[in-house]
Amino acid sequence: MDVLQSLLIPIIDLKLLGLIALGTFAGIYVGAIPGLSVTMAVSILISFTFSWEVYPALALMIGIYMGGVYGGSRTAILLNIPGAPAAIATALDGYPLAQKGLAGEAIGIVTVVSFIGGFIGILALALFAPLLADFAIRFQPRDYMLLAVLGILLVGSLSGDSLVKGIFAGALGIGLGSVGMDPLTYTERFTFGTDALRSGVSFVAVMIGMFGISEGLMQLHTVNTAAVKQKIGRIIPSWPLVRKHLPLGLQTSSIGTVIGALPGTGGDIAALIAYDHATRVTRNPEVPFGKGAIEGLVAPETANNAAVGGAFIPMLTLGIPGDAVTAIMIGALFIHGLNPGPMLMVEQPDMFWFIVSALGLANVFMLIFGLTGIKMFVKIVEMPRAMLLPVILLLSIVGAYAVSNSLADVYWMLGFGVFGYFLKLYGYPLGPVILGVILSRLLDDNWRRAIISDQESLWMLLKGTLASPLSLVLFVSVVLIFVSKTPLWGMIFRKKAG
Amino acid sequence: MLKSVIGAVVALGLGALPVLADYPEKEIQGIIQWGAGGSTDTVARAITPHAEAALGGNIVMQNVTGGVGAIGLNQVADAEADGYSILFGAENPLLYKVMKLGDKDYSDFVAINIIARGVPILVANVDAPFDTFPEMVEYVNANPRAVKFGSTGPGGLPSVVTAMINSKTPLDVTFVPYDGDGPALTALQGGAIDVMPAVLGAAIEGIKGGTMKPLALFDIEASPQLPDVPTIVSTNPEFEEMLPWGPFFGVFVKQGTPDDVVTKLTAAYAEAAKNPDFEALIDGRGFKMLSLSGAEADTFLSEWQATTSWLIHDAGLTKASPEEFGIAKP
């Protein structure tokens, strides 16, 4: 009864309902504009909603969060500029679809699967929160390291024609990600003694440059080509299409929920690992991955929205943030006089159910707002290139500046845009660079933590890995995926078959 | 509510216009040295609306992170000394010089308010085979290198507390570095590390909820929030000479800011620190309210700098001697 009452709070209170709707709507645009992030929006809201009651403040934040995670896909599909790091994988297949005149269809399917992913994440939060939180905090440094290795294996499917070029690009990304002051020892790495490099290269700036500017420069080659006419037929995907991808969507939603619940990872890594999963389990995609495969949209978009519900799991059960946004929300709860921690669910269970309910509503609003106005957005891609390119340039510059109000980030963005253009020109894939930048810290920090924890002995690390069921599963997955791509695997299986 | 949202947006827009003749006549930039959601951020964002009310102006808060807080500090130091850029900082800048992280510290600033001080506490994983500080020392001595301590890099609270412990009872443990005390306490609860020196505020909810075990409070008196947790001096009185010690949060403006501006800001923040809601937040998070300004704040800062720099210098963690910067040994 109490649960039902708490669940009903945001539904029957029109003010809260309105705030969730407003938040979700605003979130979609915050998410869609590169450089503006949900993290930023929510921290501004802390000051803005300071004098409000806690429920309205949370309602607005939750709306922004849900809408923002989804919104990142919009510019990824239309302009090849992911609105947020969690939408990088979406650009890989979404943008090729837009180039084929299928932008409307791509946005339609992304909206529906985001809703499904979001729903699974919220369901997991409502039903299994204590269980999943307990599982998530048991991830040891070596497990995070193995997870990062699992992510890096995605280089294989992002490489396109040449694996060597893919590996080069991935290694470049990992190198870029390690620039700056090392947070574990406070030693400067690759900073050449300059202050500007001390806090590292903003990877959002790298992302905007590499995706947006380099694509814009590529299009200068064909600036007189007429833009692709967009087919505006069916926007809402047909049920058979949804049903076909539902099994994959459910798998990637589960991946997203768990990775979202892990305190050290969020929606960006969830989306990449889900994309990797999709490339492996999809036997015969109708269109190859990277050229506009629907599976390449379903996997990351279910996963990053499922990660939202996932991120609330450790936050509400233990007071441990699941990602950067929930970390800020913990601060917001403190300011509103609550004490998020293991006792929150015991002392204030209504807060838990209120958040579950608000997330559910935000998810529904996301579906509604996501499916309206698509036809108008799709027109962007139909603009003549001579008009579209300045828009891309402007959006990239504003986005890079917005990251931390710093001109240095604009220069980085432009520099990496030009660099990315040359990489593209010589056939080097850009996906692995961004993948490397995102995973660099996760891999490097946790590798060091793992080996330090085991008294700097590889043997002890290996023993520990084999002794823990979780580490063992991750380790075996990494080995199997790796071996399955080598000639060795073919030799063994052909022999068995013969 | 929608109306009040629109109202507030309009008000923010109007606030940007120069309508007041006196300070503040435009928006004030508030630079928070640390990331959103952290202790410095929470305290800064909680006190500022009360100070805005007392000041009659707008303070726009922004997190400028990186370089152990040096990026944010330098941004305020490079701005005009007109009171329109204020810094919300923690204790770290007082160690920049000896850690070679920067050539500026709070001596380049005027302290508006040293808001509060944190209390260090030693917490352990609930399954750790010891329950008190002396038991831990005994266990560590019997099992060298086996116990894993969380750390957050030289100069951080864990490194200072560890230096205190080592100056009295050298411990042979393994230090596992984390990116802040939040992630380290998470790792503690998951069993990746065994012991973590943390600020009470970050650990208090976990202790109350039974997800971590308190070993000793590093203070001379017990905390009103956790009266049952023993202080370190109750078992090991030799620590008393170094205590009380703790990280702190403060509000600063650049040296050279006009006196009337400093006076106004000081009055506003002193008033804000008295707000009952803010006091409740500080108490609830296990901090100790200080609200120091003027000469009191300067004494606090210089004593803190002397004690801490020499402590970590003697522990071999510094990159330069405090003597080089004229920091006298206490």
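Residues numbered from 1 in each chain as written. Chains lettered and ligands numbered in written order. Predicted model: local features only at pLDDT ≥ 70, side-chain atom pairs only at ≥ 80, totals over all residues.

Identification of chain B as Tripartite tricarboxylate transporter substrate binding protein from Frigidibacter albus is taken from an unreviewed UniProt entry. Turning to chain B, the UniProt annotation filed under Sequence similarities (unreviewed entry) states: "Belongs to the UPF0065 (bug) family." (UniProt positions renumbered as here; feature names shortened; annotations may be inferred.)

As recorded by an unreviewed UniProt entry, chain A carries the name C4-dicarboxylate ABC transporter permease and is attributed to Frigidibacter albus.

Enquirer: I would appreciate a short explanation of the nonpolar core in the present structure.
Expert: If you look at soluble globular proteins, the nonpolar side chains tend to sit buried side by side. One finds Met61 and Ile62 of chain A to be the most contacted residues of the largest nonpolar core, which totals 222 residues. The element that contributes the greatest number of residues to this core is helix H6 (residues 103-137) of chain A, accounting for 19 residues. Among residues more than four places away in sequence, those in contact with Met61 of chain A are Gly23, Val42, Leu45, Met329 and Ala332 of chain A. Grouped together as the second largest cluster of nonpolar side chains are 46 residues, Val123, Leu188, Ile207 and Phe239 of chain B included. (Core = buried A, V, L, I, M, F, W, Y, C linked by C-beta atoms within 7 Å. Buried ≥ 20, exposed ≤ 12 C-beta atoms within 10 Å, placed from the backbone. Helix = DSSP H or I, 4+ residues; strand = E, 2+ residues; numbered from the N terminus. Contact = placed C-beta atoms within 7 Å.)

Enquirer: Is there a simple way to think about the domain arrangement of chain A in this case?
Expert: Many structure descriptions define interface size as the accessible area lost when the parts assemble. All names here are of chain A. Splitting chain A by domain gives domain 1 (2-453) and domain 2 (460-498). The C-alpha centroid of domain 2 is placed 30 Å from the C-alpha centroid of domain 1. Each partner contributes to the interface: domain 1 provides twelve residues, whereas domain 2 provides twelve residues. Looking at the side of domain 1 that touches domain 2, the elements that each hand over two or more residues are helix H7 (141-152) and helix H20 (431-453). Sorting elements by how many residues they give to the side of domain 1 that touches domain 2 places H7 first, with six residues. Partitioning the side of domain 1 that touches domain 2 into residue classes produces seven nonpolar, two polar and three charged. (Domains from an automatic or database assignment. Nonpolar A, V, L, I, M, F, W, Y, C, P; charged D, E, K, R; others polar.)

Enquirer: Is there a simple way to explain the sheet that holds strand E10 (residues 248-254) of chain B in this structure?
Expert: Strands in a sheet are paired, the pairing made by backbone hydrogen bonds, and the direction either parallel or antiparallel. Residue and element names in this part refer to chain B. Ordered in space as E2-E1-E3-E10-E4-E11, the six strands form an open sheet in which the pairing is mixed. For this open sheet the edge positions go to strand E2 (59-63) and strand E11 (288-292), each flanked by a neighbour on one side alone. In this sheet, adjacent strand axes meet at a mean angle of 20° when their direction is disregarded. Two strands pair when backbone bridges link them, and strand E4 (residues 109-117) and E10 are joined in this way by seven bridges, in the antiparallel orientation. Note on E10: the bridge partner recorded for Arg117 is Phe248. (Pairing = 2+ DSSP bridges. Axes fitted to C-alpha atoms, helices over the stretch in contact; angles between N-to-C directions.)

Enquirer: How should I be thinking about the interface of chain B and chain A in this particular structure?
Expert: Tallying the contact residues gives 42 residues for chain B and 46 residues for chain A. At the level of secondary structure, the elements contributing two or more residues to the side of chain B that touches chain A comprise helix H1 (2-15), helix H2 (39-55), E2, strand E7 (174-177), helix H7 (181-190), helix H8 (200-208) and helix H11 (276-284) of chain B. Ranked by residue count, the leading element in the side of chain B that touches chain A is H2 of chain B, at five residues. Grouping the amino acids of the side of chain B that touches chain A by side-chain chemistry returns 18 nonpolar, 16 polar and eight charged.

Enquirer: Where do I start with the environment of Gly35 of chain B in this structure?
Expert: All names here are of chain B. Within the element layout of this structure, Gly35 appears in the loop between strand E1 (28-32) and H2. Between the C-alpha atom of Gly35 and that of Val64, which follows or precedes it by 29 residues, the distance is 7.3 Å. With near-sequence residues (within four places) excluded, Gly35 lies in contact with Asp41, Asn63 and Thr65.

Enquirer: Please clarify how the packing of H7 of chain A against helix H22 (residues 469-484) of chain A should be interpreted in this entry.
Expert: The geometry of a pair of packed helices is captured by two quantities: the angle between their axes and the separation between those axes. Residues and elements named next belong to chain A. Between H7 and H22, whose axes approach to 9 Å, the crossing angle comes to 20°. When the axis of H7 is compared with that of H22, the two are roughly parallel. Here H7 runs over H22; the crossing is left-handed. Between H7 and H22, the residues in contact are Arg142, Asp143, Leu146, Leu147, Val149 and Leu150 and Leu470, Ser471, Leu474, Phe475, Ser477 and Val478, respectively. In the contact of H7 with H22, the residues fall into eight nonpolar, two polar and two charged. (Parallel < 35°, antiparallel > 145°, perpendicular 65-115°, else oblique. Left-handed = near helix turned anticlockwise from the far one by under 90°.)

Enquirer: What should I look at first to understand the packing of H6 of chain A against helix H13 (residues 295-318) of chain A in this one?
Expert: Residues and elements named next belong to chain A. Relative to each other, H6 and H13 sit at 30°, their axes nearing to 6 Å. In terms of axis orientation, H6 runs roughly parallel to H13. Considering the relative orientation of H6 and H13, their crossing is right-handed. Among the residues forming the contact of H6 with H13, the class breakdown is 26 nonpolar, nine polar and one charged.

Enquirer: Looking at this model, I keep getting lost on the UniProt feature "domain: DUF112" (unreviewed entry) in chain A. Mind explaining?
Expert: UniProt annotation of "domain: DUF112" (unreviewed entry) refers to residues 17-435 of chain A when read in the numbering used here. Summarising residues 17-435 of chain A: 72% helix, 1% strand, and an end-to-end C-alpha distance of 38 Å.

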